[in-house]
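# Structure assessment
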Amino acid sequence: MAIDIPTRTDQLPTSATRFIGKAVNRIEDPALVSGTVEFIDNLSLPGMLHCAILRSPHPHARITGIDVSAALALPGVEAVLTGEDVERWCDPCFTAPEGWGNYCLAVGKVRFVGEPVVAVAATSRYIAEDALELVQVEYDLLDPVCNPDEAMAPGAPLVFENRATNVIQSRTYTWGEVDRVFAEADRIVSRQFRWNRVGANPTETFGCICQWDLADNSLTCRGAYQTPRFMGIGRAASLRLPANKVKIISHAQGGGFGGKGGPRGTDIAALLSRKTDGRPVKYIEDRMEYLLAGGGQSWDRYYDAAIALKADGTVTGFKVRLVDDQGAGAEGYGTISAAKPLAAFTGNYRIEAAFYDLTLVATNRAPTYPYRGYGPPPHNLVLESLMDVAARELALDPAELRRRNYIGPEQFPYTVPSGNEYDSGNYAGVLDRVLELADYKSLRQSQAKARTEGRLVGIGVVSTVEPGVFDWNAYATVGVPGVGVPEGVKVGIDVFGGVTVAVGFNLQGQGQFTVAAQVVADYLGVEMNTVKVTTASTDVALPHFGQGGSRLGVAVTGAILGACEKLRGIFCRVVAHVMQTDPEQIELLNGRLQMKGAPAHGMSIAEVAGLMLSRSDLLPPGVEPCPEASFVWVSPNRNLPDDQGRCRSYLTAAAATHVVQVEIDRDTGQVAILGYYIVDDCGTRLNPASVEGQLQGGVAQGVGAALYEEYVYDAQCQPLVSTFVDYLVPSIHEVPMTVKDHLVTPSPIAPLGAKGCGEGAIHTTPAALLCAINDALAPLGLECRETPASPRRLWQLLHDKA
Amino acid sequence: MSNRKTIRLTVNGRHYEREVEARLTLADFIRHELHLGGTHVGCEHGICGACTILIDGSSARACLTLAVQADGANITTVEGLRNRETGQLHPIQQAFVDAHGLQCGFCTPGFIMTTLELLGENPDPTDEEIKEALGGNLCRCTGYQSILDSVRLAASRINTATAA
Ligand code: FES
Ligand code: FES
């Protein structure tokens, strides 16, 4: 029987929700503040060895010889892994389009600085690193290709010699009558933008412990895994194992933001375990390794874009040409990242036609991976910057230009030209609220005053949509082998009434265990502190995906509701049998299964579970003595993309408008954030404190991307960033304490009306800051079209002008 | 081996005597020899502050300190804050929970130890003083706003408790 998932909180079997919608304390926090959570490096196994990895110092070179004899002779060294082993035992990673994947460790040649070349397993990490110094590798240097221009030049060296080109993918999408709207436009605004590479940088790097069982030919990997089942399938493919012989145990993670998972590190540790007769091998990536070549470097992009407008400011068309430097291979799903803007290509606006020309290029930089937001943050910066240029040219207030173009609240569900369907929204309402919150008029007045004093003060008003809860068809748009994106949970009740929720993912920071406990406690009418949420390893877990694409809060809510609905059905049958009536006469309300109309007659959830587990004689025929239910939730109503990539790929569309005021210091190029205001609308807020945390965290990462962070490479493709001294993660001094408010326009189709909101402000903040900076520069006739708008870059701009 | 040395030190009120390699970092010693895993390591080059502990009452980076340098020291790590008997959280820890001052929690022990030092020296800090004190701790998740709230809350609770 089909299970209906409640889309509103008033459909829950409770007279009033006690936990959902409240900023309840998180169940995960007491252990985290006590320092007792088992992050992977806290775990040791008997006989465990430690892995260290020798990495390429060259961006492009042929390996002509490797001598590991001295390393092997070092006391404490148990095994050394080279490309020869890897070629014999592995396949290149399967997550890239055919032919563009790497082995976990270089085979024959190196393609980027930081690529693993040799790995050692020893009795301590210290000895393993000593051993690396004894390894001799000889290289024949090859010319690197350092950027897309070089890579696409005729006769360029090939990053992948099995391919005839460095272009990984090139295609165009046309939605609507783009040529016509541009031909008929009263005004066309076009600009080029450069978004330099930034990255996730969670405070915990990747780590794992892998153990190869030689008798069973099976593999167990414990580690900081974001998407456990997906990781398991990937390891099975690259290590040539049946998928059911790979078990992934996901540990709590010190942040993720997209790139958490370490397929290369896992494969290397697994192979070292295989080489040491199955001893467990731990690999902990260090920060320098992460910064050189870890997961999470993202968005190395060159944009050429235009919007077409009518004289009244109506935007009719949007064209984007994107050249994306994917680095040395497409192993990190960069192709999907470039295609994700399809989910919200035209943002909050009624733009009727659009065009996207996508060229993904391989170079000798490190491969790129997903980072929070996964594609749209740079895209939004392009669209919103063009809106601001247009507003300036039309002498319209940027807020007003946006308002004129918003999709109206009555137009939902709204299908954007690129195919995705937005579920609901109230963009003008969000704008009104944030302008009021910021006291926009007086911000403009203070700006005018500052300008008369010669100060460079600017304001950004930026609106974005956050697509939430992706599905398999988001992969299918770019032809990458995908897997389904379900979320399965099991809810069980023990003989004392304690509730256990088993999920397939582990903690990463967003608070999904707490959301799970809130939902199950409200549904079953129990206290949150009777709920235990636990992670099942992949050998027993239900199909699941885990964190990604602003989906998990919504997905886990749906899964729990489904499981609880099933439990309710079973419990009603049991109670009806005991009370000698029909199941239809029994209802669940506030934690009691009771007779409709006679609530005094009934049993608590705990009593029913206890009865089921202890008195089989009282069970109705066909009911098992098992007060447990599983449910695997997927987004309803997904469809296949058409030839222009159009499909309903994301279930929900959250929205936000940010207002920010900045001042640029003429002497240093430093940007000071004078005020930062946010109004967002992500439907039902399951835990408002967690939503705010996601927003503010996204602001911090947006500040980093817009002003400070950059993976700098020199002209020879050598990375110049390898520590936090060079890669500037914002501290408490750089991140503004924002003023926030919100609207609630529930999703009509998502569980409890909640919309995905985990990526949050990173969609909006970079655009808002760049728009504010350009507003500040406008009186000088200057524009900054490159991120990060670092002090050096802005100083240069101001200085060159002078 | 000559590069090994015996050290004696107190960690969270317990005395330890261990022979360690001269090059062993204090972070590795605390984490992997004493099995106190709450002192996290985020960069190993002194920038992120995740490994912050107190050595003789002053905050220090365990990743930049060698175990042998801690010979004779009195060290406090995050594990030393909770009441051992009752499990009750220290007011600073409780304030981080109540004000949602953490997400992944990896940076949190470092922030808590820095806050412990701050409030010991300055029980009623201004926002600017809090920011100054926390400027050497990186958090990639929270955007710091709830951390600032947590420190304010901890200070006000500790002050109310002392006043009463
Ligand atoms: S690990 Fe010590 S400061 Fe980062
Ligand atoms: S809570 Fe994750 S780094 Fe601070």
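The structure under discussion appears in the preceding block.
Numbering of residues starts from 1 in each chain and follows the order in which that chain's sequence is written. Throughout, the order in which chains and ligands are written sets their labels, letters from A for the former and numbers from 1 for the latter. Predicted model: local features are reported for residues with pLDDT of at least 70 only, side-chain atom pairs are reported and counted for 80 or more only, and whole-chain, interface and lining totals are derived from all residues. As a convention, hydrogens and water are excluded, and side-chain values are obtained from all of the structure's heavy atoms.

## Focus on the sheet that holds strand 31 (residues 786-787) of chain A
What links the strands of a sheet is backbone hydrogen bonding, and the strands pair in either a parallel or an antiparallel sense. Residues and elements named next belong to chain A. A pair of strands is considered paired only if DSSP assigns at least 2 bridges between the two. Starting at the N terminus, helices and strands are each numbered in turn, a helix being any DSSP run of H or I of at least four residues and a strand any DSSP run of E of at least two. An order of 7-17-16-15-8-31 is seen for the six strands of this open sheet, with the pairing classed as mixed. Single-partner strands in this sheet number two, and they are strand 7 (167-175) and strand 31. The pairing of strand 15 (residues 301-309) with strand 16 (residues 315-327) spans nine bridges and is classified as antiparallel. Each residue of the ladder has a partner; that of Ala-306, found in strand 16, is Lys-319. This element, helix 11 (residues 376-394), spans strand 8 (187-195), strand 15, strand 16 and strand 31 of the sheet and lies at about 140 degrees to strand 8. The contact criterion used is simple: two residues touch if any of their non-hydrogen atoms lie within 4.5 Å. In this analysis an axis means a line fitted to C-alpha atoms, helices contributing only their contacting stretch, and an angle means the value between N-to-C directions, from 0 to 180 degrees.

## Focus: unusual backbone geometry
Only a minority of non-glycine residues have a phi that is not negative, and only a minority of peptide bonds are not trans. Residues and elements named next belong to chain A. Each neighbour pair has its own omega, and for Phe-412 with Pro-413 the value is -5 degrees, a cis peptide bond. Tracing the sequence through the fold places Pro-413 in the loop between helix 12 (398-405) and strand 18 (414-415). The step from Thr-787 to Pro-788 runs through a cis peptide bond, and the omega angle for that step is -5 degrees. Note on placement: Pro-788 falls in the loop between strand 31 and helix 21 (791-801). The residue Trp-299 is not glycine, and still its phi comes out positive at about 60 degrees. Here Trp-299 is to be found in the loop between strand 14 (297-298) and strand 15. Among the residues examined, Trp-299 registers a relative accessible area of 2% and is labelled buried. For Asn-590, which is not glycine, the phi dihedral falls at a positive 50 degrees. Assignment of secondary structure puts Asn-590 in the loop between strand 24 (586-589) and strand 25 (592-595). Three exposure classes are used, based on accessible area relative to the maximum for each residue type with a 1.4 Å probe and protein chains only: buried under 20%, partly exposed in between, and exposed over 50%.

## Structural notes on the interface of chain B and chain A
Listed by partner, the interface residues are 47 residues for chain B and 54 residues for chain A. Buried area, as used here, totals the accessible surface that two parts lose on assembly, with accessibility defined by a 1.4 Å probe and the loss added over both. Summed over both partners, the interface of chain B with chain A buries about 4100 Å², with 58% contributed by carbon and sulfur atoms. Summed over the three residues of chain B that lose the most area to chain A, namely His100(B), Gln103(B) and Arg140(B), the buried surface amounts to 21% of that side. Whenever a carboxyl oxygen of Asp or Glu lies within 4 Å of a side-chain nitrogen of Lys or Arg, that contact is scored as a salt bridge. If you look at where chain B meets chain A, you find three salt bridges. Among the salt bridges present, the one from Glu709(A) reaches Arg140(B), with a minimum N-O distance of 2.7 Å. Polar contacts, as counted here, are pairs of nitrogen or oxygen atoms within 3.5 Å of one another; within protein the pair requires one atom able to donate a hydrogen and one able to accept it, and residues that are adjacent in sequence qualify only if both atoms are side-chain atoms. Applying the counting rule to chain B against chain A returns 30 residue pairs in polar contact (both at pLDDT 80 or more). Going through the elements one at a time, helix 1 (26-33), helix 2 (91-98), helix 3 (108-121), helix 4 (127-134) and helix 5 (145-163) of chain B are the ones with two or more residues in the side of chain B that touches chain A. Looking at which element gives the most residues to the side of chain B that touches chain A, the answer is helix 2 of chain B, with five residues.

## Examining the pattern of salt bridges
For side chains bearing opposite charge, pairing can occur when the charged atoms are close. Residue and element names in this part refer to chain A. Applying the stated criterion to the full structure yields 64 salt bridges over all chains. With a closest N to O distance of 2.8 Å, Asp-300 and Arg-197 form a salt bridge. Here Asp-300 is found in the loop between strand 14 and strand 15, whereas its partner Arg-197 is found in the loop between strand 8 and strand 9 (198-199), with 103 residues between them in sequence. Taken as a pair, Asp-300 and Arg-197 share a single burial class, namely buried.

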